[in-house]
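As a plain string of letters, each chain reads:
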Amino acid sequence: MNHLTEKIALLADSACDLPRDIVEKMAIKILPLKIIYPEGEFSDRVDIQPNDVYNRMPGEIPTTAMPCLGEIKSLFETIKSQGFTHVIAVALSSGLSGTYGAIKLAAQDINDMVVKTFDSRTLSMGTGWMVLDAARNITNGLSFDKVMENIAHIQPKVKVYYVVETLEYLRKGGRIGQVSAMLGEFLHFKPIISVNPEGKYFTFCKVRGRRKSIDRLIEIVENIPRDKMINLAVMHGGAKKEAEHMLERLSKLPNIKELIFSDISPALGVHTGPGLLGVSFHEV
């Protein structure tokens, strides 16, 4: 197929955390993750917003689920009915969620449309940067293969770092050992969490106290050599004020090409609790 006759759709899950105005402007199709409370199931950013969830914590902690196969298939069918010939689906890390596997599985039943699923092996705006790169390349008329190639090229460059207010949620979700969580709380340790090349969480470093942990997060970005231009995102889950202070400080750096401020999907925040702050960047 001549790439000029390709009509490419871009699909991502709601955990990519791209701000809504970008999603709408770039016509990105979003597959919402699910937030489950005793009173029912909600679709992330569709009928429940991140702040709704964070405001109900710590009193109420929902569970989360990935989109069901039926919903993914029906989105593919809708995309097909809109005349698209190709779909690129970028999902949050298969090491943290079954969403990538579910999209891949649903895609097997789709005929007359080429579907490629990409495991971002990260989450939040880490995935968001790859989705945005793909969206721009599609807009600029690049071929399907070239767009895929560029995502694969940007993927290892993207870094994500988080700090959490408390280890309690990671402990409850089995994301961190009981003992290390209890000990960490006792000593007021605030781990800075990152994502390894396999797309799983690891403790990047431990800092004592909230203030210092936020400073350390800022320093990670400030320590990038000034001659390297970066795209930077500052994200928060129920910690807008602190995130705005970080944004203000980091926006003064001379090597930022693009800066995005975003909130973190509750589907991720449920496992970390309110008070989540993060940065994600890649060299350009």
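Scroll up to find the structure.
Residues numbered from 1 in each chain as written. Predicted model: local features only at pLDDT ≥ 70, side-chain atom pairs only at ≥ 80, totals over all residues. Heavy atoms only, no water.

Caption draft 1: Examining the pattern of salt bridges more closely. One pass over the structure, following the stated rule, counts 13 salt bridges. Note that Arg 211 and Asp 215 form a salt bridge whose closest N and O atoms lie 3.9 Å from each other. Of the two residues, Arg 211 and Asp 215 both sit in helix H9 (residues 210-222), four residues apart, roughly one turn of that helix. Residue Arg 211 is classed as exposed on the basis of its relative accessible area, which comes to 64%. On the basis of relative accessibility, which here comes to 23%, the residue Asp 215 falls in the partly exposed class. One salt bridge in this structure joins Arg 249 and Glu 222, with 3.4 Å as the shortest N-O distance. Of this pair, Arg 249 sits in helix H10 (residues 240-250) while Glu 222 sits in helix H9; the two residues are 27 residues apart in sequence, bridging distant segments of the chain. What you see here is one network of salt bridges that share partners, running through Arg 211, Asp 215, Glu 222 and Arg 249. (Salt bridge = Lys/Arg side-chain N within 4 Å of Asp/Glu carboxyl O. Helix = DSSP H or I, 4+ residues; strand = E, 2+ residues; numbered from the N terminus. Buried < 20%, exposed > 50% of the residue type's maximum accessible area, 1.4 Å probe, protein only.)

Caption draft 2: Representation of the pairing of strand S7 (residues 114-119). Here strand S6 (residues 86-91) runs beside S7; their pairing, made up of six bridges, is parallel. Counted as the bridge partner of Ile 88 is Lys 116 from S7. Handedness of the crossover joining S6 and S7 through helix H4 (residues 99-107) is recorded here as right-handed. (Pairing = 2+ DSSP bridges. Right-handed = clockwise from strand over helix to strand, strands pointing away.)

Caption draft 3: Region of the structure containing the packing of helix H3 (residues 69-81) against H4. Where H3 contacts H4, the two axes come as close as 9 Å, and the packing angle between them is 55 degrees. Classed by the angle they form, the pair H3 and H4 counts as oblique. In terms of crossing hand, the pair formed by H3 and H4 is right-handed. Side by side, H3 and H4 meet where Leu 69, Ile 72, Lys 73 and Phe 76 of the first sit next to Ala 102, Ile 103, Leu 105, Ala 106 and Ala 107 of the second. (Axes fitted to C-alpha atoms, helices over the stretch in contact; angles between N-to-C directions. Parallel < 35°, antiparallel > 145°, perpendicular 65-115°, else oblique. Left-handed = near helix turned anticlockwise from the far one by under 90°. Contact = heavy atoms within 4.5 Å.)

Caption draft 4: Representation of helix H6 (residues 144-154). Within H6, the full set of buried residues consists of Phe 144, Val 147, Met 148, Asn 150, Ile 151 and Ile 154. The arc enclosing the buried residues of H6, seen along the axis, measures out at 160 degrees, which places them on a common side. Opposite the buried face of H6, by more than 90 degrees, sit the exposed residues Asp 145 and His 153. (Arc of directions from axis to C-beta.)

Caption draft 5: Layout of the environment of Val 46. With respect to the helices and strands, Val 46 occurs in the loop between strand S4 (40-43) and helix H2 (50-56). Residue classification places Val 46 among the exposed positions, given a relative accessible area of 59%. Along the chain, Val 46 and Ser 14 lie 32 residues apart, while their C-alpha atoms are 9.5 Å from each other.

Caption draft 6: Structural view of H4. Of all the residues in H4, the buried ones are Thr 99, Tyr 100, Ala 102, Ile 103, Ala 106 and Ala 107. Taken down its axis, H4 places every buried residue within 165 degrees of arc, on the same side. If you follow the buried residues of H4, they end up packed against strand S1 (8-13), strand S2 (29-31), H3, S6 and S7.

Caption draft 7: Inspection of the packing of aromatic side chains at higher detail. This structure, assessed with the given rule, holds three aromatic pairs. Ring geometry for Tyr 161 against Phe 204: centres 4.9 Å apart, planes inclined by 65 degrees, an arrangement best described as edge-to-face. Note that Tyr 161 is positioned in strand S8 (residues 159-163) and Phe 204 in strand S10 (residues 201-208), a separation of 43 residues in sequence. Residue classification places Tyr 161 among the buried positions, given a relative accessible area of 10%. With a relative accessible area of 33%, Phe 204 lands in the partly exposed category. Taking 6.1 Å as the distance between ring centres and 25 degrees as the angle between the ring planes, the aromatic pair formed by Tyr 161 and Phe 281 counts as stacked. In this pair, Tyr 161 is assigned in strand S8 and Phe 281 in strand S13 (residues 276-283), connecting sequence segments 120 residues apart. Taken together, Tyr 161, Phe 204 and Phe 281 form an aromatic cluster joined through their ring pairs. Above the ring of Phe 84, the side-chain terminus of Lys 7 is found at 4.4 Å from the ring centroid. (Phe/Tyr/Trp six-rings, centres within 6.5 Å; stacked < 30°, edge-to-face > 60°. Lys NZ or Arg CZ within 6 Å of the ring centre and 35° of its normal.)

Caption draft 8: Examining the packing of helix H5 (residues 125-139) against H6 more closely. Where H5 contacts H6, the axes come no closer than 9 Å and their chain directions differ by 150 degrees. It follows from the interaxial angle that H5 and H6 lie roughly antiparallel. Remark: the crossing between H5 and H6 carries right-handed chirality. The segment H5 lies against H6, with Trp 129, Met 130, Asp 133, Ala 134, Asn 137 and Ile 138 engaging Val 147, Asn 150, Ile 151 and Ile 154. Residue classes in the contact of H5 with H6 are distributed as seven nonpolar, two polar and one charged. (Nonpolar A, V, L, I, M, F, W, Y, C, P; charged D, E, K, R; others polar.)

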